[in-house]
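Read off the chains here:
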Amino acid sequence: MKPYSSARDEFKGEAEVYLDANENPFPSSYNRYPDPLQKNVKAVLASTQNVQPENIFLGNGSDEAIDVLIRSFCEPNRDSILILEPTYGMYAVCANVNAVNIKSVALTPSFDIDLEATLNEIDSTTKIVFICSPNNPSGNLLNRDSILTLLNSFKGLVVVDEAYIDFSSSESFVTSLAMFPTLVVLQTFSKAWGLAGLRLGICYAAAEIIEILNKVKYPYNINSQTQYLALEAMANSEKKKLDVKQLIHERVKLEKKLAELPFVKFVFPSQANFLLVRVTNAAHVYNVLLQKGVIVRNRSSILHCENCIRITIGTPQENQRLLTTLKEI
Ligand SMILES: *Cc1c(COP(=O)(O)O)cnc(C)c1O
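### Details of the packing of aromatic side chains
Point 1. One pass over the full model with this rule turns up 8 aromatic pairs.
Point 2. Ring centres 5.6 Å apart and planes at 75° place the aromatic pair Tyr88 and Tyr91 in the edge-to-face group.
Point 3. For Tyr88, a relative accessible area of 25% corresponds to the partly exposed category.
Point 4. Taking the relative accessible area as the measure of exposure, Tyr91 reaches 0% and is therefore buried.
Point 5. Aromatic side chains Tyr91 and Phe130 sit 4.6 Å apart centroid to centroid with 15° between the ring planes, which places their arrangement in the stacked category. With Tyr91 in helix H4 (residues 90–97) and Phe130 in strand S4 (residues 126–132), this residue pair connects regions lying 39 residues apart in the sequence. For the pair shown, Tyr91 and Phe130 are each scored as buried.
Point 6. Aromatic rings pair up to connect Tyr88, Tyr91 and Phe130 into one cluster.
Point 7. Residue placement shows Arg144 over the ring face of Phe173; its charged tip is 4.1 Å from the ring centre.
Point 8. The aromatic ring of Phe274 is capped on one face by Arg310, whose charged end is 5.6 Å from the ring centroid.

Here's what the structure looks like:
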């Protein structure tokens, strides 16, 4: 497939007069089209992650990367993706929108990979396996050896979604990219970086895979301001480190305090910036918090999450207010 060739694809150098893209020439912050391949942002990411810029695709959130992966590698009404439930909802949404079938395998009740069941569910239509680690909504890392076994035995793409990796004790799968040509790693600026409003997601993979994603994406999918602000954030990465440190500290504290509440049955161990909590009556807890202006996520309707609420770690003040409200129950 021949991708759209933009003015900025055809002339990549520096010049004094640009009369090639039908832009308005009168200066403003945004009169020029953005860099279609975001080379400045990729250069910084490449050096911090020890990969090449050719191993990086940037999306309008990692949600765009999920969509472009499915559109690029799955034939509608024929191919399928495999998801491990319960997990992040966008894999299934993007597959549905693109008329790609969904095969689903249950995680174990402690939310780890059932390797045998997962391998058994793979067939000739399976093109992508999505693995979310740390998993949303459970917060745990999935077993690394199981993921490696999948990478060694499945011929399609293995996408490891690491949206929450900064809050975990685990090494990123990005360091294994060179070993596995079918490995795809997703990360995002939406969580630890505190830039959910910007919409910037990162996809790391072999250059051959990235080249295909670049053909399928819209030419100018990341706007100039987003590229500029991402560079600014990475130049000040101390803020992210401090935020992560404080959020992990708060998570550990909150986990302990929640476990002391009489109606809390179990706090699932978390490597993310949220806690999944099993209570005696999730609807009641949700409603009491709602009345007091504190919004959490009731996850009771999804697999293995009966009477579970998912609580995002807030500021120390917000977490205190949550606890004070819960103590009134
Ligand atoms: C929040 C989240 C994302 C982030 O998506 P963006 O589009 O980058 O904001 C990706 N994957 C998982 C599992 C998430 O929970």
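### Focus: the site of the ligand
Point 1. As a matter of local geometry, the ligand sits amid 13 residues, with Tyr164, Thr188, Ser190, Lys191 and Arg199 nearest to it.
Point 2. In the environment of the ligand, an oxygen atom lies 2.6 Å from a nitrogen or oxygen atom belonging to the side chain of Thr188.
Point 3. In this structure, Lys191 approaches the ligand through a side-chain N or O atom, which is 3.3 Å from an oxygen atom.
Point 4. Protein burial of the ligand: of its 390 Å² of free accessible surface, 94% is covered by the chains.

### Some thoughts on helix H7 (residues 207–216)
Point 1. Along H7, the positions that sit buried rather than exposed are Ile209, Ile210 and Leu213. Projected down its long axis, H7 carries its buried residues within an arc of 95°, all on one side. Structural note: H7 exposes Glu208 and Glu211 on the side pointing more than 90 degrees away from its buried face.
Point 2. Of the surrounding elements, those touching the buried residues of H7 are strand S1 (56–59), helix H3 (62–73), strand S5 (157–161), strand S6 (183–188) and strand S7 (201–205).

### A closer look at the sheet that holds strand S9 (residues 274–279)
To summarise the sheet geometry, strands pair through backbone hydrogen bonds and adopt either a parallel or an antiparallel arrangement.
Point 1. One open sheet holds the 4 strands; their spatial order is S8-S9-S11-S10, and the pairing between them is antiparallel. Each edge of the open sheet is held by one strand with a lone partner, namely strand S8 (264–267) and strand S10 (297–298).
Point 2. Where S8 meets S9, 3 bridges bridge the pair, whose relative direction is antiparallel. In the sheet register, Val267 faces S9, and the bridge partner there is Val277.

### A few points about the pattern of salt bridges
Point 1. Under the defined criterion, the tally for this structure stands at 14 salt bridges.
Point 2. A salt bridge links Asp243 to Lys239; its shortest N-O distance comes to 2.4 Å. Pair noted here: Asp243 and Lys239 are both in helix H9 (residues 237–259), with a separation of 4 residues, about one helical turn.
Point 3. The class of Lys239 is partly exposed, set by a relative accessible area of 46%.
Point 4. Here Arg278 makes a salt bridge to Glu306, at a shortest N to O gap of 3.4 Å. On the criterion of sequence distance, the pair formed by Arg278 in strand S9 and Glu306 in the loop between S10 and strand S11 (308–312) is long-range, its members being 28 residues apart.
Point 5. What emerges from the salt-bridge pattern is a single network uniting Arg78, Asp79 and Lys127.

Thresholds, definitions, all that
Residues numbered from 1 in each chain as written. Predicted model: local features only at pLDDT ≥ 70, side-chain atom pairs only at ≥ 80, totals over all residues. Heavy atoms only, no water. Phe/Tyr/Trp six-rings, centres within 6.5 Å; stacked < 30°, edge-to-face > 60°. Buried < 20%, exposed > 50% of the residue type's maximum accessible area, 1.4 Å probe, protein only. Helix = DSSP H or I, 4+ residues; strand = E, 2+ residues; numbered from the N terminus. Lys NZ or Arg CZ within 6 Å of the ring centre and 35° of its normal. Near = heavy atom within 4 Å. Polar contact = N/O pair within 3.5 Å; in protein donor to acceptor, adjacent residues only side chain to side chain. Areas by Shrake-Rupley, 256 points an atom, 1.4 Å probe, with all protein chains shown as cover. Arc of directions from axis to C-beta. Contact = heavy atoms within 4.5 Å. Pairing = 2+ DSSP bridges. Salt bridge = Lys/Arg side-chain N within 4 Å of Asp/Glu carboxyl O.

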